[in-house]
Amino acid sequence: QGRSVFDFTPEDDAAKTVSILEDLAGRPGGTASLELRFRHKDGSWRILEAIGRNMLDHPVLAGVLVNSRDVTERRRIEEELTRQRDARIQSDKLADMGTLLAGVAHELNNPLTVVTGYSGILRRALGDGPLAERVDKIGIAAHRCVRIVQNFLALARHYPPERQQVRLNQIVREAVELLAYPLRVDNV
């Protein structure tokens with residue numbers, strides 16, 4: 001009692017409410033709805049859904065009649081459901097990506113097996129001839145592709161995390177291999 005309703009609303013919500021009420025005042029019999037935060041007597045902020053009706057031309061009431069209801073819990077549940085839906089969508093996208101990666105990896109494995117096998121046979125047949133270095137490069141590139149395919153499969157399978165000893169240099173080498181193209185493109 002003795003205080004303005006705007007003492008219980010944040011400044012930006014109060015400004016929005018005043019603007020809506022001013023617009024409503026120019027429309028006799030008109031209605032407007034809004035949502036605003038309101039300070040509860042326990043000090044917490046609540047979300048109110050309010051509907052105002054211009055009654056200024058009414059012979060007895062002559063004012064703006066506002067009905068409101070607390071929708072705080074409903075908004076909280078809606079936000080939680082939205083977060084859960086977004087997480088589910090993200091999870092589905094990752095699952096689809098995993099399926100795609102697994103399919104691509106399996107399709108690449110067969111020709112890579114042929115390339116690595118024949119490059120090994122060709123290397124042994126050439127001995128130390130002038131083409132041996134070129135065949136070695138083919139073999140190295142094919143093995144690199146095999147490791148990339150294995151990384152794709154590991155990503156697609158979503159194994160639960162496990163702790164084990166690792167060779168840090170090998171991990172760094174593999175990470176650099178995965179990032180080699182973007183690093184080259186960015187001149188790193």
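Everything here concerns the structure above.
Residues numbered from 1 in each chain as written. Predicted model: local features only at pLDDT ≥ 70, side-chain atom pairs only at ≥ 80, totals over all residues. Heavy atoms only, no water.

Asker: Where do I start with the nonpolar core in this structure?
Answerer: Side chains of a nonpolar character, in soluble globular proteins, are inclined to be buried together. If you look at the biggest cluster of nonpolar residues, it comprises 5 residues: Ala105, Leu112, Val146, Val149 and Leu153. Of all the secondary structure elements, the ones that give two or more residues to this core are α2 (72-126) and α3 (132-157). Counting residues per element, this core draws most heavily on α3, which supplies 3 residues. Beyond its immediate chain neighbours, meaning those up to four positions away, Val146 contacts Leu112 and Thr116. (Core = buried A, V, L, I, M, F, W, Y, C linked by side-chain atoms within 4.5 Å. Buried < 20%, exposed > 50% of the residue type's maximum accessible area, 1.4 Å probe, protein only. Helix = DSSP H or I, 4+ residues; strand = E, 2+ residues; numbered from the N terminus. Contact = heavy atoms within 4.5 Å.)

Asker: Teacher, can you tell me more about the sheet that holds strand β3 (residues 64-70) here?
Answerer: Adjacent strands of a sheet form backbone hydrogen bonds with each other and so pair up, either parallel or antiparallel. The strand order across the open sheet formed by 3 strands is β1-β2-β3, and the pairing between neighbours is antiparallel. Here the strands that pair on one side only, and so sit at the sheet edges, are β1 (31-39) and β3. Strand after strand, the sheet turns through a mean of 30° between neighbouring axes, direction not considered. In this structure, β1 lies alongside strand β2 (residues 45-54), joined through 9 bridges in antiparallel fashion. Pairing of Glu35 across the sheet is with Glu49, part of β2. Relative to the sheet, helix α1 (residues 11-25) contacts β1, β2 and β3, its axis offset from that of β1 by approximately 160°. Across the sheet, α2 touches β1, β2 and β3, and the angle it forms with β2 is around 115°. (Pairing = 2+ DSSP bridges. Axes fitted to C-alpha atoms, helices over the stretch in contact; angles between N-to-C directions.)

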